[in-house]
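The chain contents come next:
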Amino acid sequence: MSVKNLKTYILLFLTATIWGGAFVAGKIATTTLHPVSVAFFRFFGASLILFPLLYWKEPNRPTPTRKDWIVLALLGLTGVFLYNIFFFIATKYAPIVKSSLVIAVNAPLITLLSALFLKEKLNGRSIFGMLLAVFGAVYIITNGHPSVLIEIGVAPIDLVLAGACLSWSTYSVIGKVAMKTYSPLAATTYATGFGTLFLAPFALYYTSFASVKMSGWDVWLSVLYVAVVVSAISFVWWYNGIQKVGASTASVFINVMPISATVMGTIFFNEHLSMTHIVGAAFVFSGILFNIYSKQEKAMFPLIKKGANI
């Protein structure tokens, strides 16, 4: 494994770890603020950081064409506007088991869409690694009883969860297209800007002065966390990972999120770390390593074959 790829994998792992904290922060932030308000404050804050950073780091970036603006607007629509409305509604109204399942479903869905639209090739070993990681995530989310998913049944909120999965997966796939021309920083910044614009009119409607006044330091600290750390920093890392190793490989790291959420729950809410979490984490990490090394082996095979013909 090259040092360059190792750095990418570490950043993808840190991204998923950071995103695990978004469930905790979202739960706190929506106690007094409307989900749409939280989403707007999140990306408005991120925009204040990303745009100056983009102008400083990439002064000679390419000027978007009309077609590029459409692609970048679609990024803002899917990954910022739609996903975050769905996500914060889910954290407020859905059972934590169901809202957490967005994590497990995203990985195979991104892999499927990448194979269909980006022509990313999959082999049996990488698919097996993905399934291992997804099983580990589901095992943690359901506290070692996957059958609970059948008992919970189907409810209207499930449409919101399905929308979250579809919008984030679409965002990840379109992002790969955008990064043929733009850097991860530029793609993230433009998507954040468009998403903030889409959210603004809804935020004006749903945000009241009373709700802002009622929000304590814990709410605003949570908003700051999802704006700066989750959005401005980790979104760039996510797109960097997609650019370097592909959307299907990057998506496997999403399954680290329930592990992160569990650890943060232990720290902030005095929840207990159980054997279920350890077993689930073992499946997740085994799946990630299986997927990574299957891709490494695939990349090395042509070199070995070429050497054998010399």
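Before reading on, note that the structure itself is shown above.
Predicted, not measured: the structure shown is a model, and the values here were computed from it.

Colleague: Would you mind going over the packing of helix 2 (residues 35–57) against helix 8 (residues 184–206) with me for this structure?
Modeller: If you want to describe how two helices pack, look at the angle between their axes and the distance between the axes. At a minimum axis separation of 8 Å, helix 2 and helix 8 run at an interaxial angle of 145 degrees. Here helix 2 runs over helix 8; the crossing is left-handed. A per-class count over the contact of helix 2 with helix 8 returns 18 nonpolar, seven polar and one charged.

Colleague: I tried to follow the nonpolar core on my own but got confused; where do I start?
Modeller: The nonpolar side chains of soluble globular proteins are, as a tendency, buried together. W19, L75, W168, L199, W238 and Y239 are the most contacted members of the largest nonpolar core, which has 72 residues in total. If one sorts the elements of this core by residue count, helix 10 (residues 217–245) sits on top with eleven residues.

Colleague: I keep staring at the side chain of T15 and nothing clicks. Help me out?
Modeller: Relative to the elements of secondary structure, T15 occurs in helix 1 (residues 3–29). Those residues in contact with T15 that lie beyond four places of it in its chain are S234, W237 and W238.

Colleague: Got a minute to help me understand the environment of I174 in this structure?
Modeller: For I174, the position within the fold is in helix 7 (residues 157–178). Overall, the relative accessible area of 16% leaves I174 in the buried class. Considering only alpha carbons, one finds I174 and T78, 96 residues apart in sequence, at a separation of 9.3 Å.

Colleague: Where do I start with the packing of aromatic side chains in this structure?
Modeller: Any pair of aromatic rings gets described here by the distance separating the centres and the angle formed by the planes. Counting across every chain of the model gives 22 aromatic pairs. Look at F41 and W220: their rings are 5.4 Å apart centre to centre, the planes differ by 70 degrees, and that puts the pair in the edge-to-face class. Of the two residues, F41 sits in helix 2 while W220 sits in helix 10, which places them 179 residues apart along the sequence. Assessed through its relative accessible area of 24%, F41 is described here as partly exposed. Among the residues examined, W220 registers a relative accessible area of 29% and is labelled partly exposed.

Colleague: Would you mind showing me how to read helix 10 here?
Modeller: For the α-helix, the turn length of 3.6 residues means that residues three or four positions removed from each other point alike. Spanning 29 residues, helix 10 covers 39 Å between terminal C-alpha atoms, matching the ideal 42 Å at 1.5 Å per step. Largest kink in helix 10: about 40 degrees, centred on S234. Of the residues one or two after helix 10, G246 is the one with positive phi, at around 95 degrees.

The rules behind each value
Residues numbered from 1 in each chain as written. Predicted model: local features only at pLDDT ≥ 70, side-chain atom pairs only at ≥ 80, totals over all residues. Heavy atoms only, no water. Axes fitted to C-alpha atoms, helices over the stretch in contact; angles between N-to-C directions. Helix = DSSP H or I, 4+ residues; strand = E, 2+ residues; numbered from the N terminus. Left-handed = near helix turned anticlockwise from the far one by under 90°. Nonpolar A, V, L, I, M, F, W, Y, C, P; charged D, E, K, R; others polar. Core = buried A, V, L, I, M, F, W, Y, C linked by side-chain atoms within 4.5 Å. Buried < 20%, exposed > 50% of the residue type's maximum accessible area, 1.4 Å probe, protein only. Contact = heavy atoms within 4.5 Å. Phe/Tyr/Trp six-rings, centres within 6.5 Å; stacked < 30°, edge-to-face > 60°. Expected span 1.5 Å × (residues − 1). Bend = angle between axes of the 7 residues up to and from the residue.

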